[in-house]
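Working through the structure, step by step
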Protein chains: 2
Amino acid sequence: MRSWVESANDPQGDFPLANLPYGVFSREADEPRCGAAIGDMIVDLAVLEGVGLLAAGAGAPVFASGRLNPFMARGPAVWNSVRGRLTELLAEGGDRAVRDNRDLRARALSPMTACRMHLPFEVSGFTDFYSSRHHAFNVGSMFRGPENALPPNWLSIPIAYNGRASTVVVSGTGIHRPLGQMKPHGSDEPVFGPSRRLDFELELGAVVGVPNRMGQPVTVAEADSMIFGYVLLNDWSARDIQAWEYQPLGPFQAKAFATSIGPWVVTKAALEPFRVPTPPRERPLLPYLREPGPMLYDIRLEVLLQPAGAPAATTISRTNYREMYFSAAQQLCHHAVGGCLMRTGDLLGSGTISGPTRDSRGSLLELSWGGREPLRLDTGETRSFLEDGDTVTLVGRAQADGCRIGFGECTGTILPAVVEPDW
Amino acid sequence: MRSWVESANDPQGDFPLANLPYGVFSREADEPRCGAAIGDMIVDLAVLEGVGLLAAGAGAPVFASGRLNPFMARGPAVWNSVRGRLTELLAEGGDRAVRDNRDLRARALSPMTACRMHLPFEVSGFTDFYSSRHHAFNVGSMFRGPENALPPNWLSIPIAYNGRASTVVVSGTGIHRPLGQMKPHGSDEPVFGPSRRLDFELELGAVVGVPNRMGQPVTVAEADSMIFGYVLLNDWSARDIQAWEYQPLGPFQAKAFATSIGPWVVTKAALEPFRVPTPPRERPLLPYLREPGPMLYDIRLEVLLQPAGAPAATTISRTNYREMYFSAAQQLCHHAVGGCLMRTGDLLGSGTISGPTRDSRGSLLELSWGGREPLRLDTGETRSFLEDGDTVTLVGRAQADGCRIGFGECTGTILPAVVEPDW
């Protein structure tokens, strides 16, 4: 279906009419408000809501707030009606209320280049999973050898840890190299200082729209219906801090300094044509984790790395979300199964998404095999881990029959460590 | 100093004028508002603020909101002025504005027995530490033997994991036995069902009042000044779920179903006379973790267990917060050292507080030594882990020279597991 917003009809563009991802933006001195991407423009949903052309159900207005949470909390029927109405307003041959009103059109549509993107939703909780078979195998092989690579529970549980919600930031935010405690190889004593093994992790985040009730488990099908959409996610990781701290209670400061997410939440509705089943089970799942249908998505993902001053970025990884062993619906079901309350705005990281080949690994730890096989960039430089000034960009798209559902990009540049306080 | 609220002068009471802990309460159909405990009464801070007798600095009113966060965010100068003013209004021989106004007195003071307590603050993040030397040694001994009990990093890092903020509940909330995945001893396959090894953990929680800036580490002294106060905390734990899930990324569903906290946040000001140094270091700390002065507190803690229908509770553990190896200020400093943003309402669990003797252990796992040495209750019954209907109550108090600074109690009763959905 074509849009009268011409740039939305570009087959190489991320944001056709079939996508309509949601985000939070501001233009000049305006307060942040909710928007949807269409071509190279952003539709101001608060403006459309304000003039009565768009309603998120029967309650109070939701789009003028600087976060998607109130809209997400309204649930699937409202998500569908808003998507339907937006499509109508933006389609060629649809409702001409915006198209034919020059003043309204100017207020309701802003060029992306004139807008600043904000964190799209308030992150209530951030949970990071570990559900890529190839990633778990690669990391396990490095630390325990290929025979013991997968922990005994791995094929039965979508393994996860609670991450830090307060430091989830939107794409474009600079990332200071973290300070922390490490124990250098061969040293008897820990040292303190800037991480020397700073890494990215290519992930997709599932965003919870509808809460459950505390104490009430949900099925995989119910979990799927609670998910509002998906975002690109970079789980920045300090491998040297992680190695020293993570036994026995898991990663903590190695991951706490920052997690970047893309500005656009791509809805489940837009991804619907790209549903695929999870890979064959290597061990039968307990009944509560079995999927009633395909709940993973065919989403191509890439990582680009650009050193400071380099003329262009090098694509250092190409993989696909369909490589995951567990879907987000399975992850969310497991998360709630003990009675844990899941809330609007909870963010579930997929875990690093690695494919079976060397160039489809989703972290530098794997790409450089623990630093032993540095990666060569197009500039001729090599990388084992990230240097100050490096920019890491994640991109993603689902694509078929000339239609692309894109995620935009999730980017971040490494800044030097801050000056230490006078301890 | 005596109060004209007579019950506050009882030397066996938790809430003398020198304490004045903060909480959130409601009376009959009223909305929850902030209060302070005095004797067996609660002072309604919203009422005092409303009539102009109490001000939390120069900004908008803070006490009518159903959470302490706005007040906590105001910082130490406001905390001190509010405490000073409340003391003046409640002291014998102080300001008689409340005491001598019968109508105001009736509105501003409610008997605790007529009030319902709520979660005292919105929990922004919940982090659970592992900083009791004896607890870490006991647990490590059970799993790895006494020679390898402490992990290599333990004496250098206040080890912690991120917990689940959404399921922190106030004392008195019933706790459903969680469902989850476990691998029974001797079985090759995991099973799913209600936890059979349900436990409590006796902890103290530090409550962050003042945020840092993201990316900016803080010193131990600064961390101490960011802390608003302390609450009793019970980190309910499903040991069988934990044993099967926790490698390699730490506890997750074993702890996600519920964490109980006491209704009263005891301020740092009230605890000031009870400051004590941390125990001698067994290995020198890196400079950033060194304390400029005593930052632990002498707080006696007890655990009581009462089976359903039993005439009275059995005291099953007596220990002291001064047993901790790391203070909350050290924990908070470590938490922020990599640049992690700490926010108003962040809750830092101390970790299970165990003393050196058998009867000072802070969990059933330790008290029954993994279930091998069941505990005998006063009723003649035994317990390895918690049964449905058991009520666990934590109490705490700092005490010297006839003055007691009490925490009230943190209690919870185990409810049967919920009926499973039709998977």
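Residues numbered from 1 in each chain as written. Chains lettered and ligands numbered in written order. Predicted model: local features only at pLDDT ≥ 70, side-chain atom pairs only at ≥ 80, totals over all residues. Heavy atoms only, no water.

1. Description of the overall build of chain A
Heads up, the condition is: Runs of H or I in DSSP of at least four residues are treated as helices and runs of E of at least two as strands, each being numbered from the N terminus. Values of the radius of gyration come from C-alpha atoms, whereas the globule rule sets the reference at 2.2 Å times the count of residues to the power 0.38. Any residue under 20% of the maximum accessible area for its type is buried, any over 50% is exposed, and the rest in between are partly exposed; the area is computed with a 1.4 Å probe on protein chains only. Contacts are residue-level and defined by heavy atoms, with any inter-residue pair within 4.5 Å sufficient. The protein chains shown are the only cover counted for residues, whose accessible areas, like all others here, come from Shrake-Rupley with a 1.4 Å probe.
Helix and strand counts for chain A come out as 11 helices and 26 strands. Relative to the globule expectation of 22 Å for 423 residues, the C-alpha radius of gyration of chain A, 22 Å, shows essentially globular dimensions. On the principal axes, the C-alpha backbone points of chain A span a range of 70 × 55 × 45 Å. For chain A, the proportion of its 423 residues judged to be buried stands at 63%. Long-range pairs, those at least 24 residues apart, make up 72% of the contacts in chain A between residues at least 6 apart in sequence. Summed over its atoms, the accessible surface of chain A is roughly 15000 Å², and 51% of this surface lies on carbon and sulfur atoms.

2. Some thoughts on the relation of the copies chain B and chain A
Convention followed: In this comparison the copies share one frame, found by least squares on the C-alpha atoms of residues holding pLDDT of at least 70 in both.
Superposing chain B onto chain A requires a rotation of 180 degrees together with a translation of 0.0 Å along the rotation axis, leaving an RMSD of 0.0 Å. The superposition of one copy onto the other is thereby described by a two-fold rotation axis. Scanning chain B for the C-alpha nearest the rotation axis identifies Gly-250 of chain B, at a separation of 2.2 Å. Of the interface residues in chain B, 100% have counterparts in chain A that sit at the interface too, so the contact is made through matching surfaces.

3. Some points on the packing of aromatic side chains
Selection rule: When two rings of Phe, Tyr or Trp (its six-membered ring) have centres within 6.5 Å they constitute a pair, described as stacked for plane angles under 30 degrees, edge-to-face for angles over 60, and tilted for the intermediate range. Charge over a ring is defined by NZ of Lys or CZ of Arg lying within 6 Å of the ring centre and within 35 degrees of the ring normal.
Tallying each qualifying case throughout the model produces 30 aromatic pairs over all chains. Members of the aromatic cluster, joined through ring pairs, are Tyr-22, Phe-63, Phe-71, Trp-79 and Phe-228 of chain A. Positioned above the aromatic ring of Tyr-325 of chain A, the side-chain terminus of Arg-281 of chain A is 3.7 Å from the ring centre. Above the ring of Phe-326 of chain B, the side-chain terminus of Arg-281 of chain B is found at 5.6 Å from the ring centroid.

4. Considering the sheet that holds strand β4 (residues 109-111) of chain A
Residue and element names in this part refer to chain A. The cut-off we apply is this: At least two bridges found by DSSP between two strands is the condition for calling them paired. With axes taken as lines fitted to C-alpha atoms, and helix axes fitted only over the stretch in contact, angles between N-to-C directions fall between 0 and 180 degrees.
Ordered in space as β4-β3-β2-β1-β5, the five strands form an open sheet in which the pairing is antiparallel. Either end of the sheet is taken by a strand with one partner, and the two such strands are β4 and β5 (115-118). The sheet shows a mean angle of 45 degrees between the axes of neighbouring strands, taken without regard to direction. Where strand β2 (residues 33-38) meets strand β3 (residues 41-44), four bridges bridge the pair, whose relative direction is antiparallel. Considered in β3, the bridge of Gly-35 is made with Asp-44. Across the sheet, helix α3 (residues 76-90) is in contact with β1 (22-27), β2 and β3; its angle to β1 comes to roughly 55 degrees.

5. Quick notes on helix α10 (residues 328-336) of chain A
Burial of α10 of chain A is extensive: nine of the nine residues sit out of reach of the surface. What α10 of chain A keeps buried is the set Ala-328, Ala-329, Gln-330, Gln-331, Leu-332, Cys-333, His-334, His-335 and Ala-336 of chain A.

6. What about the sheet that holds strand β21 (residues 314-320) of chain B?
Within the open sheet, the five strands sit side by side as β9-β26-β25-β20-β21 (chain B). Their pairing is mixed. Of all strands in the sheet, those bounded by a partner on one side alone are β9 (175-176) and β21 of chain B.

7. Some points on the UniProt feature "binding site: substrate" (unreviewed entry) in chain A
Keep this limit in mind: UniProt positions are given in the numbering used here, feature names are shortened, and annotations may be inferred rather than shown by experiment. Between N or O atoms, a polar contact is any pair within 3.5 Å; within protein, one atom must be a potential hydrogen donor and the other a potential acceptor, and residues adjacent in sequence are included only when both atoms are from side chains.
Mapped onto this numbering, the UniProt entry gives "binding site: substrate" (unreviewed entry) at Tyr-130, Arg-144, Gln-242, Tyr-246 and Thr-352 of chain A. Considering the arrangement of structural elements, one finds Arg-144 of chain A in helix α5 (residues 133-144). Judged by its relative accessible area of 35%, Arg-144 of chain A falls in the partly exposed class. The contacts of Arg-144 of chain A, once residues within four sequence positions are left out, are Ala-149 and Pro-151 of chain A. A polar atom in the side chain of Arg-144 of chain A sits 3.2 Å from the backbone oxygen of Asn-148 of chain A. Take Tyr-246 of chain A: it is sitting in the loop between α7 (239-245) and α8 (253-256). Beyond its immediate stretch of four places on either side in the chain, Tyr-246 of chain A contacts Pro-251 of chain A together with Pro-248 of chain B.

8. Here's the deal with α3 of chain A
Residues and elements named next belong to chain A. Our working definition: Here the expected length of a helix is defined as 1.5 Å per residue gap, with one fewer gap than residues. Picture the helix axis, draw a direction to every C-beta atom, and the arc is the one those directions span.
The terminal C-alpha atoms of α3 lie 21 Å apart, and with 15 residues this matches the ideal 21 Å at 1.5 Å per residue to within 8%. Among all positions of α3, only Val-78, Trp-79, Val-82, Arg-83, Leu-86, Thr-87, Leu-89 and Leu-90 are buried. For α3, the arc enclosing every buried residue in end-on projection is 165 degrees, short of the 170-degree limit, so these residues lie on one face.

9. Quick look at the interface of chain B and chain A
Stated formally: Simply put, the buried area is the total loss of 1.4 Å probe accessible area from both parts when two parts are fitted together. We define a salt bridge as a side-chain nitrogen of Lys or Arg found within 4 Å of a carboxyl oxygen belonging to Asp or Glu. Here the term charged refers only to Asp, Glu, Lys and Arg, the term nonpolar to Ala, Val, Leu, Ile, Met, Phe, Trp, Tyr, Cys and Pro, and the term polar to all other amino acids, Gly among them.
On the chain A side, the residues contacting the 66 residues of chain B number 66 residues. Summed over both partners, the interface of chain B with chain A buries about 5700 Å², with 64% contributed by carbon and sulfur atoms. Across the chain B-chain A interface, the total number found is two salt bridges. Note that Asp-346 of chain A and Arg-164 of chain B form a salt bridge whose closest N and O atoms lie 2.6 Å from each other. Here chain B is connected to chain A by 19 residue pairs in polar contact (both at pLDDT 80 or more). In terms of residue count, the dominant contributor to the side of chain B that touches chain A is helix α10 (residues 328-336) of chain B (four residues). A class-by-class count of the residues in the side of chain B that touches chain A yields 40 nonpolar, 19 polar and seven charged.

10. A few points about the domain arrangement of chain A
Residue and element names in this part refer to chain A. The following threshold applies: For every domain, the bounds stem from an assignment made automatically or drawn from a database.
Domain assignment breaks chain A into domain 1 (6-118) and domain 2 (126-415). For domain 1 versus domain 2, the distance between C-alpha centres works out to 29 Å. Carbon and sulfur atoms make up 66% of the area that domain 1 and domain 2 hide from each other, which totals about 2000 Å². The largest contributions to the domain 1 side of the interface with domain 2 come from Asp-14, Met-72 and Trp-79, which together make up 27% of the buried area. Applying the counting criterion to the domain 1 and domain 2 interface returns one salt bridge. One salt bridge connects Arg-404 with Asp-14, and the closest N-O pair in it is separated by 3.7 Å. Where domain 1 touches domain 2, the interface holds five residue pairs in polar contact (both at pLDDT 80 or more). Counting only elements with at least two residues in the side of domain 1 that touches domain 2, the list comes to β1, β2, α2 (69-72), α3 and β5. Along the lines of polarity and charge, the residues of the side of domain 1 that touches domain 2 split into 18 nonpolar, eight polar and two charged.

11. Topic: the state of the cysteines
Under the convention used in this document: Throughout, disulfides are identified as pairs of cysteine sulfur atoms within 2.5 Å of each other.
This structure, assessed with the given rule, holds zero disulfides over all chains. Free of any disulfide, Cys-410 of chain A has its nearest cysteine sulfur in Cys-340 of chain B, 18 Å distant. Taking relative accessible area as the criterion, Cys-410 of chain A reaches 1% and is therefore assigned buried. Not part of a disulfide, Cys-333 of chain B finds its nearest cysteine sulfur in Cys-340 of chain B, a span of 12 Å.

12. Some points on unusual backbone geometry
A cis amide bond, omega 5 degrees, links Gln-247 of chain A with the succeeding residue Pro-248 of chain A. Within the secondary structure, Pro-248 of chain A is located in the loop between α7 and α8. Here the phi dihedral of Trp-369 of chain A falls at roughly 45 degrees; this positive angle occurs in a residue that is not glycine. Look at Trp-369 of chain A and you get buried, because its relative accessible area is 19%. Even without being a glycine, Asp-401 of chain B presents a positive backbone phi close to 50 degrees. Note that Asp-401 of chain B resides in the loop between β25 (391-400) and β26 (403-415). For Asp-401 of chain B, a relative accessible area of 82% translates into the label exposed.

13. Let's talk about the side chain of Gln-330 of chain B
Residue and element names in this part refer to chain B. As for its position among the elements, Gln-330 is in helix α10. A residue is classified by how much of its surface remains accessible, and Gln-330, at 1% relative accessible area, is buried. Excluding anything up to four places from it in sequence, Gln-330 contacts Pro-158, Val-220, Thr-278, Arg-281, Leu-285, Leu-289, Glu-291 and Tyr-325.

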